[in-house]
Amino acid sequence: MSRKQSRVGVLVVGMIALLVGCAGPISSVAPSSTAPTAVATSRIAATASPDATEVSSTVDSIPGGSPLTLAWQTTGAAGKPMVNPIHLALSPDGNIYVGTSTASGLFQVFDPDGNFVTSWGEKGGGEGQLLFLLGLGVDSKGNVYGADFDRALINKYDSTGEFLTSWDTEQPTGPGGLAIDSHDNIYIVNHRPHDHQVQKFSSDGTLLKAFGITGSGEGEIGAGPEDLAIDKEGNVYVGDKDNNRIQKYNSNGEFLATIGAQGYLSDPWDVTVDGQGNVYVLSGRFLQKFDSTGMFVTKWPLTGALYNAGDVMADADGNLYINTDGTALLEKLTQ
């Protein structure tokens, strides 16, 4: 399945969820205090065990450079595999959140070793529910934010999954990627073209800034951006799919630079930044790496452990986390 086909499938799921939501609200469910057992699999060894399994799969870079080594893979809870995993987020305690379309567990949580911890969050149109979860993030206090693509709102939960509040994005529809800066400000990128493609909110939902008008010029963003990321300096990186580039802004929305405009990128759909300011982009048939100045470093083909990669997330140490939206796996890869 191609990346574009996968995204279309996710949108279809969102439309189905909209119809289901019309049936009436469903009460929000907090995570169970008893965590189910993790199920982890290795594509190479084709084995399963109760815990995440160390494997030795590698993906070589082009040109020659550091390979990516697969540390572990996991499918989630036993008997409850993830459905359409989308965006990823790290919590302050090192746990990994995966946004999904799993009806009784939109937010899937894993520990740093890939073991399934819990899941929570329900589909629906009621308070605390989400019709179509797309972007998500976790702030410094462990609060979790989910962007509802269909209803154009952001839900905020505490670290246990208890619903706290929500706010409208003041756009007709389409919040996609979501990222959080070191001050716990919330950024979203609007998947549908509007007056401004990026919105910045305080943690209580106050709109602070909107920037990135639709277009193809310097500092502009084409239609259909899907993701954004923030570095430790507060700079914002937006995947400009329509113009085959990454647009970089400061925290005030002032345009800084274009990354990948020299023909490196094709249809970039996901972007992340590590602790050293390196930028990683899923684009075309490759995962590509740029340094903190925007210079191309290397790329890895989407084969082996990277096959069907849907989204990528980097931690402060440069470890990469990948979800494969065709086979519903979460993976950790090291450089």
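Use the structure listed above.
Here's a quick rundown of the structure. (Residues numbered from 1 in each chain as written. Predicted model: local features only at pLDDT ≥ 70, side-chain atom pairs only at ≥ 80, totals over all residues. Heavy atoms only, no water.)

Counted under the stated rule, the structure contains 14 aromatic pairs. A ring pair is formed by W72 and Y321, whose centres lie 6.4 Å apart and whose planes are at 55 degrees; its orientation type is tilted. Of this pair, W72 sits in strand β4 (residues 68-74) while Y321 sits in strand β28 (residues 320-324), and the two are 249 residues apart along the sequence. By the burial criterion, W72 is buried, and Y321 matches it. Aromatic pair W167 and F201: ring centres 5.8 Å apart, planes at 50 degrees, arrangement tilted. Taken together, the positions of W167 in strand β14 (residues 163-168) and F201 in strand β17 (residues 198-201) put the pair 34 residues apart, joining distant regions of the chain. (Phe/Tyr/Trp six-rings, centres within 6.5 Å; stacked < 30°, edge-to-face > 60°. Helix = DSSP H or I, 4+ residues; strand = E, 2+ residues; numbered from the N terminus. Buried < 20%, exposed > 50% of the residue type's maximum accessible area, 1.4 Å probe, protein only.)

With 5 of its 5 residues buried, strand β13 (residues 153-157) lies for the most part within the structure. The pairing of strand β12 (residues 144-148) with β13 spans 5 bridges and is classified as antiparallel. Bridge pairing in β13 links A147 to I154. Taking the residues that link successive antiparallel strands as the turn, the β12-β13 hairpin has 4 residues, and the phi of A152 there is positive, at about 55 degrees. (Pairing = 2+ DSSP bridges.)

This part covers the nonpolar core. Judged by nonpolar contacts, the single largest core of 17 residues is most densely connected at L68, L287 and L306. Those elements giving two or more residues to this core turn out to be β4, β24 (279-283), β27 (309-314) and β28. It is β27 that provides the largest number of residues to this core, a total of 3 residues. The contact partners of L68, leaving out residues within four places of it in the chain, are S57, T58, V59, L287, W300, L306, L320, L333, T334 and Q335. The next biggest cluster of nonpolar side chains, apart from the first, holds 14 residues, and it includes A89, L133, Y157 and F163. (Core = buried A, V, L, I, M, F, W, Y, C linked by side-chain atoms within 4.5 Å. Contact = heavy atoms within 4.5 Å.)

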